[in-house]
Amino acid sequence: PLPVLVEAFESVRRRWKQQRDYPYACEQLKAIRQDLTVQHLTHASPRARFATQVYEAHARLALDHGDEGEFAQCQSQLVPL
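Residues numbered from 1 in each chain as written. Predicted model: local features only at pLDDT ≥ 70, side-chain atom pairs only at ≥ 80, totals over all residues. Heavy atoms only, no water.

## Observations regarding the layout of surface pockets
Line of reasoning, step 1. When its volume is computed, the largest pocket comes out at roughly 150 Å³.
Line of reasoning, step 2. Lining the largest pocket, in full, are Phe9, Val12, Arg13, Trp16, Lys17, Leu29, Ala57, Arg60 and Leu61.
Line of reasoning, step 3. Elements represented by at least two residues in the lining of the largest pocket include exactly helix 1 (2-19) and helix 3 (45-64).
Line of reasoning, step 4. Looking at the lining of the largest pocket element by element, the count peaks at five residues for helix 1. (1 Å grid on protein atoms, 1.4 Å probe; cavity = no way out; pocket = protein on both sides within 12 Å on 5 of 7 lines; lining within 4 Å. Points joined across faces, edges and corners; volume = space filled by probe spheres on them. Helix = DSSP H or I, 4+ residues; strand = E, 2+ residues; numbered from the N terminus.)

## What to know about helix 1
Line of reasoning, step 1. Compared with an ideal rise of 1.5 Å per residue, which puts 18 residues at 26 Å, helix 1 spans 25 Å between its outermost C-alpha atoms and is within 8% of the ideal.
Line of reasoning, step 2. Of all the positions in helix 1, only Leu5, Phe9, Val12 and Trp16 are classed as buried. Down the axis of helix 1, the buried side of the element spans an arc of 60°, and every buried residue falls inside it. Among the exposed residues of helix 1, those oriented more than 90 degrees off its buried face are Pro3, Val4, Lys17 and Gln18.
Line of reasoning, step 3. Of the residues one or two after helix 1, Arg20 is the one with positive phi, at around 50°. (Expected span 1.5 Å × (residues − 1). Buried < 20%, exposed > 50% of the residue type's maximum accessible area, 1.4 Å probe, protein only. Arc of directions from axis to C-beta.)

This is the structure in structure tokens:
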């Protein structure tokens, strides 16, 4: 459910601020993105806003770490959102 994903996203962000562990953050954000897709939470208005936040955060982290593959995946999903 959306509230669980929101809490997971906030948890990843908190841990990122404390530990700057890119592999962990990347894997967790990928899992959240996958859940958003599987649960069809990328289309309705408030849900799409949350999905956009997740994809933008992941894209920024990927770009900052030179992870072009993850950045491209996030970018390709941001266009339809």
